[in-house]
Amino acid sequence: MEPPPYLVPHSRESIRILYADDSLLIIDKPHLLLSVPGRHPLNRDSLISRLEHRFPGVAAAHRLDLDTSGILVVPKDKATLVALNQQFQERAVLKTYQALVYGEVRDDEGEIDLPIIKDWHNRPKQKICVETGKPSLTHYRVLDRLPNRSLLELKPITGRSHQLRIHLMALGHPIMGCDLYAHEDAFSASPRLLLHACELTFQHPLTKGLLRAYSPAPFDVKGLFTSRPG
């Protein structure tokens, strides 16, 4: 007997459009909204499916996890999609996140260079594997500290699934509210995953100028939530 399908929570928060032109949109995705529709019909609600009603032809150039909030660039046409995909493949898109992690991170800055591969026996989890994992690199910087917690700025150089979550877990400082990789104290410390994609910089495929978008994290080092703009 097959287990029942996993039905994701449905976010009631609205999508914020930070920037729009004829080629693309820059979006602030709320927490608990899929980037693209899930396979099950009851999991069709997503960033892309909501945008399709207003902007037919939009597609996903990259994704954020269901639990992660923050910035995404969404192309409006195939040519823009191809151009953005190339920038992501060439690692020319600069991404910055903020995360509140469990424990006091010792070094003010550093990097986590640990290869990641799918954990097939524990899907959808990933795992660190020095023999078969794909190279994965994350730079981090401590923004603030309190007893038993640290606010970090994260710059992933590669873009593996769950990279930031699993890298910080391997560092010994799991992200608070993480249901996949955090221990019980870190998981129960927050009602949501405290990970936010706060900045994205890339070359506009049409104008060739640099676009930089910013969305402040909706939490601080105390774990206090700020109201999300409408």
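To be clear, the structure that these remarks concern was listed above.
Let us look at the structure shown here. (Residues numbered from 1 in each chain as written. Predicted model: local features only at pLDDT ≥ 70, side-chain atom pairs only at ≥ 80, totals over all residues. Heavy atoms only, no water.)

### Describing helix α3 (residues 163-171)
The condition is simple: The buried label goes to any residue with under 20% of its type's maximum accessible area, the exposed label to any with over 50%, and the partly exposed label to all in between, with areas taken from a 1.4 Å probe on protein chains only. Only DSSP runs of H or I covering at least 4 residues are called helices, and only runs of E covering at least 2 are called strands; the numbering of each starts at the N terminus.
Of the residues making up α3, those classed as buried are Gln163, Leu164, Arg165, Ile166, His167 and Leu168. Positive phi appears at Gly172, one or two residues downstream of α3, with a value of about 95°.

### Observations concerning the environment of Gln87
Put simply, the test is: Throughout, a contact is declared for two residues whenever any of their heavy atoms are within 4.5 Å.
Considering the arrangement of structural elements, one finds Gln87 in helix α2 (residues 78-89). Remark: the alpha-carbon pair of Gln87 and Pro205, spanning 118 residues in sequence, is separated by 9.3 Å. Beyond its immediate sequence surroundings of up to four residues, Gln87 is in contact with Ala92, Val93, Phe202, Gln203 and Pro205.

### What about the pairing of strand β2 (residues 24-29)?
For clarity, the threshold we go by: When DSSP finds two or more bridges between a pair of strands, those strands are recorded as paired.
For β2, the buried fraction is high: six of the six residues fall into the buried class. By the alternation rule, side chains of β2 split into Leu24, Ile26 and Asp28 and Leu25, Ile27 and Lys29, which are all buried. Pairing of strand β1 (residues 16-20) with β2 involves four bridges; the strand directions are antiparallel. Residue pairing in the sheet places Ala20 in a bridge with Leu25 of β2. The hairpin turn running from β1 into β2, its antiparallel successor, is three residues long.

### A short note on the nonpolar core
As a reminder of what qualifies: Residues grouped as a nonpolar core are buried Ala, Val, Leu, Ile, Met, Phe, Trp, Tyr and Cys residues, joined through side-chain atoms within 4.5 Å.
Formed by 43 residues in total, the largest nonpolar core has its most connected members in Leu47, Leu51, Val74, Leu154, Leu168, Ile175 and Leu195. If one sorts the elements of this core by residue count, strand β4 (residues 94-102) sits on top with five residues. Sequence-distant contacts of Leu168, that is, excluding residues within four places in its chain, are made with Ala99, Val101, Ile112, Leu152, Leu154, His173, Pro174 and Ile175. In this structure, Ile26, Ile71, Leu81 and Phe202 belong to the second largest nonpolar core, which totals 13 residues.

### Focus on the pattern of salt bridges
As a reminder of what qualifies: Definition used for salt bridges: Asp or Glu carboxyl oxygen within 4 Å of a side-chain nitrogen of Lys or Arg.
Within the structure shown, the criterion is met by nine salt bridges. Between Arg16 and Asp28 there is a salt bridge whose closest N-O contact spans 2.8 Å. Within this pair, whereas Arg16 is found in strand β1, its partner Asp28 is found in strand β2, the two being separated by 12 residues in sequence. Note that Asp108 and Arg145 form a salt bridge whose closest N and O atoms lie 2.9 Å from each other. Placement of the pair is Asp108 in the loop between β4 and β5 (109-113) and Arg145 in strand β8 (residues 137-146), with a sequence separation of 37 residues.

### A closer look at the side chain of Ser215
We count it as follows: N or O atoms within 3.5 Å of each other form a polar contact, as long as, within protein, one can give a hydrogen and the other can take it, and as long as residues adjacent in sequence are counted only when both atoms are side-chain atoms.
Note on placement: Ser215 falls in the segment after β11 (210-214). Of note is the side chain of Ser215, whose polar atom sits 3.0 Å from the side chain of Asp28. With residues up to four places along the chain from it excluded, the contact list for Ser215 reads Arg16, Leu18, Asp28, Ile71, His196 and Cys198.

### Focus: the pairing of strand β9 (residues 149-156)
The buried fraction of β9 is high, at six of eight residues. Judged from the six bridges that link them, β4 and β9 form a sheet pairing that is antiparallel. Counterpart to Tyr97 in the pairing with β9 is Leu154. Here β8 hands over to β9 after two residues, with Asn148 in that stretch at a positive phi of 70°.

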